Amino acid sequence: MGHVDRAREFVRDESRTKWHDESLWFVRAKRDDAADTVPDWEALRDEAATIKRDALSRLPDLWRQFETAATEAGAVVHWARDAEEHNQIVLDLLEERGFRRVVKSKSMLTEECGLNPFLEARGIEIIDTDLGERIVQLRNEPPSHIVMPAIHLKRSEVGKLFEKEMGAPVGLDDPDALTALARKDLRKRFIAAEAGITGVNFAVAETGSFVVVTNEGNADLGTALPSLHIACVGLEKIIPAPSDLAPFLRLLARSATGQPISAYTSHFRGPREAEDIGSPAPAMHIVIVDNGRSDLLAQPSFRDALACIRCGACLNTCPVYRRSGGHSYGTTIPGPIGSVLEPSRDPKAHAELPHACTLCGSCTNVCPVRVPLHHQLLTWRAHLAEGGHHPTRRRVAFGLAGRLFAHPRAYEILTKAGRRVARRLPTAWLDRLTSPWTEARTLPPIPARSFREQMRARARQATKGPR
Amino acid sequence: MSARDQILAALTRHPAPPVEPARPESRPEMPANPWSVLEERLAQNGGRLVHSHSGAWIDSVKWPCEFAELTHVYVAKNVPESSPTPPASQLSPTAHLSTLTSRGVGATAKAMRDLEPLEVTVLYADFAVAENGAVWHVPASALERTAALLAEHLIVLVPASSLVATLHHAYERIALAETRFGWFLSGPSKTADIEQSLVLGAHGPRTMQLVALES
Ligand code: SF4
């Protein structure tokens, strides 16, 4: 099943589509308001974009520097070439200590690596503690958004889920009450956890520190209590110095949810303080993960996507994402940035994604680190066409269209004839011919004259006109 | 070749061209009315600003109930005295860090878990940031960090004179290389994961008051 089929599934429920679309647009509007309060917004975007590109140009140096500083601070640094290595490292750390109860805060990287099913299959209980992630975990489905994992669900669906999982009274759908139930349930898990896993928003080369941002405080609670903290970080997350954090943190929450800053912006450097005698000594392990990132870096047309700070703004603004839902992409990361990143992993499987785009350019306009998203999507289309990843029908059609567009005269004659025929056909026929564009709407009336003809007529009028 | 060396080698295979970061010539300055900007931004994050004279903060904040009725309060050691001073007898024996240690428990993992149910935690932060309503706080211990998260209500005191304009100014004041753990806090713990409706108190405090202490 491709993007189109899954999107078709999603839009079947018209009121849900509308609601999904509006919820996300609401977040996009809040982003605009927040950006408007920052006088130097555009300069900040330039700064953040160039800090990231500078970092991408010297990743080996920065990571070596990070490794030294983090080790000095008492952390243990691991390197994982791919998802399997990453998962195995985490498993070994837990098994060495006989730990079975793990709490995790939001991390798209561990999602990408399939850490949860991997650990669960080996008898380890791993609980997602971000409320949205917990909801989708209990539903056995992936997040549909990188910042708001359960944005595709209605409160009544969460109520039903909690009825089954947390003993919620039948029909409960009040977000306050539902959150209170989850809080109570998760509090127990935090208290019982032996290890906490977090992602990383920014790693700072100079100091070996890293920053984790949450609104719920779950990353903090999940690492303050257990003795073992495992932080999983993708190769693209490094920045040179502490002062570089400022532009990113000024941009991130505003771009993501329209907040001035998230509730908790935590800076970790080494394991937490040893508090007592007798319980296991606190330990921090940092797993640096490649999993395709060095390959992406080697592709000049797409490497800028590694600058992404996962704010989700490009998803919220995307007319296709808003109307087709995150799950329609069939990838860990949906939306414009997902459509850029995922084909580099598996061009065959994700060849459709760069076409799930109107090239409106809105994603590029909102991106805080200026990833040229819609340009990259267009470039992907060309790459994938050259790689033979397009369906035959599209290859033939585009081949013909290409030839036609190269000959303006032929184009004019043919479209004129086409228009004449089309104007005589009943609308239903026309719609049938132009499907799938007309699956959920009809074509506008075909004009008698083309745009060029109209312009020519106007020009004639003007020269003939009075005076 | 180890995974590490292989990854580092892969990163040099086709390096990205060098880029000079575009540093702006200046940063936004302190707004004319910094505390009202901070108040507005903090309110957006669900927090509340209170002004108080340093010696009387206890009277300035909103307590969830009569002060004397509170049984579980964590007050950080660096919180300045206030009149009326909280009589030690009015605080729960499990409340204060110093009490905990004197009971010979140490700040054990068990003690941290015993912090539940904690009604109020009072912290003392280094400085506040006008543009986003955040304060920079370095917990004295993992216990203090936990206390800040497990409490139903969080009160953070900050010297009014410490206000900075933006995060750029903030990082000039932070010695990250010497900070094991430090955080910007702004507002209570919150989530909007169910239908985008804002709920305060996702895992941690349901309310957060920031007290600007005038000396
Ligand atoms: S590509 Fe840009 S807009 Fe999209 S999630 Fe990443 S940083 Fe945000």
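Small disclaimer: the values here were computed from a predicted structure and weren't measured.

A. Summary view of the sheet that holds strand β5 (residues 202-204) of chain A. With mixed pairing, seven strands are arranged side by side in an open sheet as β8(A)-β5(A)-β6(A)-β9(A)-β7(B)-β5(B)-β4(B). The open sheet has two free edges, formed respectively by β8 (238-239) of chain A together with β4 (127-129) of chain B, since each of these has just one partner strand. Of the strand pairs in this sheet, strand β6 (residues 209-214) of chain A and strand β9 (residues 264-268) of chain A are connected by five bridges, and their pairing is antiparallel. Its bridge partner being in β9(A), Val212(A) is matched across the sheet by Ser266(A). Relative to the sheet, helix α6 (residues 142-150) of chain B contacts β9 of chain A together with β5 (134-137) and β7 (181-185) of chain B, its axis offset from that of β7(B) by approximately 25 degrees.

B. Spotlight on the site of the ligand. In the region of the ligand, the neighbouring residues are Ile146(A), Cys308(A), Ile309(A), Arg310(A), Cys311(A), Gly312(A), Cys314(A), Ile337(A), Cys367(A), Pro368(A), Val369(A) and Leu373(A). Here the residues of the shell around the ligand are counted per class, giving 10 nonpolar, one polar and one charged.

C. Structural context of the sheet that holds strand β1 (residues 76-80) of chain A. All names here are of chain A. Spatial strand order, β1-β10-β7-β4-β2-β3: six strands in an open sheet with parallel pairing. At either end of the open sheet lies a strand with only one pairing partner, and these are β1 and β3 (125-128). The average angle at which neighbouring strand axes cross in this sheet is 20 degrees, direction not considered. Sheet topology places strand β4 (residues 195-198) next to strand β7 (residues 228-234); four bridges connect them, and they run parallel. When the sheet's bridge partners are listed, Thr198 is paired in β7 with Ala231.

D. How the structure looks around the layout of surface pockets. Here the second largest pocket is characterised by a volume of approximately 1,000 Å³. Val147(A), Asn215(A), Ala256(A), Thr257(A) and Ser262(A) are the residues nearest the centre of the second largest pocket, which is lined by 49 residues in total. Going through the elements one at a time, α2 (14-36), α6 (108-113), β6, β7 and α12 (245-256) of chain A together with β8 (190-191) of chain B are the ones with two or more residues in the lining of the second largest pocket. Of all the elements, α2(A) adds the most residues to the lining of the second largest pocket, at five residues. Looking at side-chain class alone, the lining of the second largest pocket contains 21 nonpolar, 16 polar and 12 charged residues.

E. View of the nonpolar core. If you look at the biggest cluster of nonpolar residues, it comprises 149 residues, and the most contacted ones within it are Trp63(A) and Phe184(B). Broken down by element, the residue count for this core peaks at seven residues, all from α12(A). Summarising the domain contributions, this core has at least three residues from each of domain 1 (1-37 + 312-400) and domain 2 (50-153 + 194-295) of chain A. Apart from the residues lying within four places of it in its own chain, the contact partners of Trp63(A) are Trp79(A), Ala203(A), Val233(A), Gly234(A), Leu235(A), Lys237(A), Ile238(A) and Ile288(A).

F. Quick look at the interface of chain B and chain A. At the interface, 76 residues of chain B touch 93 residues of chain A. Considering only the surface of chain B that becomes buried against chain A, Arg180(B), Ile194(B) and His203(B) emerge as the three largest contributors, covering 11% of it. For the pair chain B and chain A, the interface holds nine salt bridges. Across the pair Glu47(A) and Arg23(B) runs a salt bridge, and its minimum N-O distance is 3.0 Å. The tally of links between chain B and chain A comes to 35 residue pairs in polar contact (both at pLDDT 80 or more).

G. Geometry of the environment of Pro34(B). Relative to the assigned elements, Pro34(B) resides in helix α2 (residues 34-44). Taking C-alpha positions, Pro34(B) is 51 Å from Gln6(B), a pair spaced 28 residues apart along the chain.

H. Layout of the domain arrangement of chain A. Residue and element names in this part refer to chain A. You can read the domains of chain A as domain 1 (1-37 + 312-400), domain 2 (50-153 + 194-295) and domain 3 (407-464). Between domain 1 and domain 2, the C-alpha centre-to-centre distance is 26 Å. With 26 residues of domain 1 in contact, the opposing surface of domain 2 contributes 25 residues. Roughly 2,000 Å² is buried in total at the junction of domain 1 and domain 2, and carbon and sulfur atoms are behind 60% of that figure. Contact with domain 2 buries area across many residues of domain 1, yet His327, Thr332 and Arg345 alone supply 27% of it, more than any other trio. Scanning the region where domain 1 abuts domain 2 turns up one salt bridge. The interface formed by domain 1 and domain 2 holds eight residue pairs in polar contact (both at pLDDT 80 or more) in total. Secondary-structure elements contributing two or more residues to the side of domain 1 that touches domain 2 are α2 and α14 (313-317).

The rules behind the values
- Residues numbered from 1 in each chain as written.
- Chains lettered and ligands numbered in written order.
- Predicted model: local features only at pLDDT ≥ 70, side-chain atom pairs only at ≥ 80, totals over all residues.
- Heavy atoms only, no water.
- Pairing = 2+ DSSP bridges.
- Helix = DSSP H or I, 4+ residues; strand = E, 2+ residues; numbered from the N terminus.
- Contact = heavy atoms within 4.5 Å.
- Axes fitted to C-alpha atoms, helices over the stretch in contact; angles between N-to-C directions.
- Near = heavy atom within 4 Å.
- Nonpolar A, V, L, I, M, F, W, Y, C, P; charged D, E, K, R; others polar.
- 1 Å grid on protein atoms, 1.4 Å probe; cavity = no way out; pocket = protein on both sides within 12 Å on 5 of 7 lines; lining within 4 Å.
- Points joined across faces, edges and corners; volume = space filled by probe spheres on them.
- Core = buried A, V, L, I, M, F, W, Y, C linked by side-chain atoms within 4.5 Å.
- Buried < 20%, exposed > 50% of the residue type's maximum accessible area, 1.4 Å probe, protein only.
- Domains from an automatic or database assignment.
- Buried area = accessible area lost by both parts, 1.4 Å probe.
- Salt bridge = Lys/Arg side-chain N within 4 Å of Asp/Glu carboxyl O.
- Polar contact = N/O pair within 3.5 Å; in protein donor to acceptor, adjacent residues only side chain to side chain.

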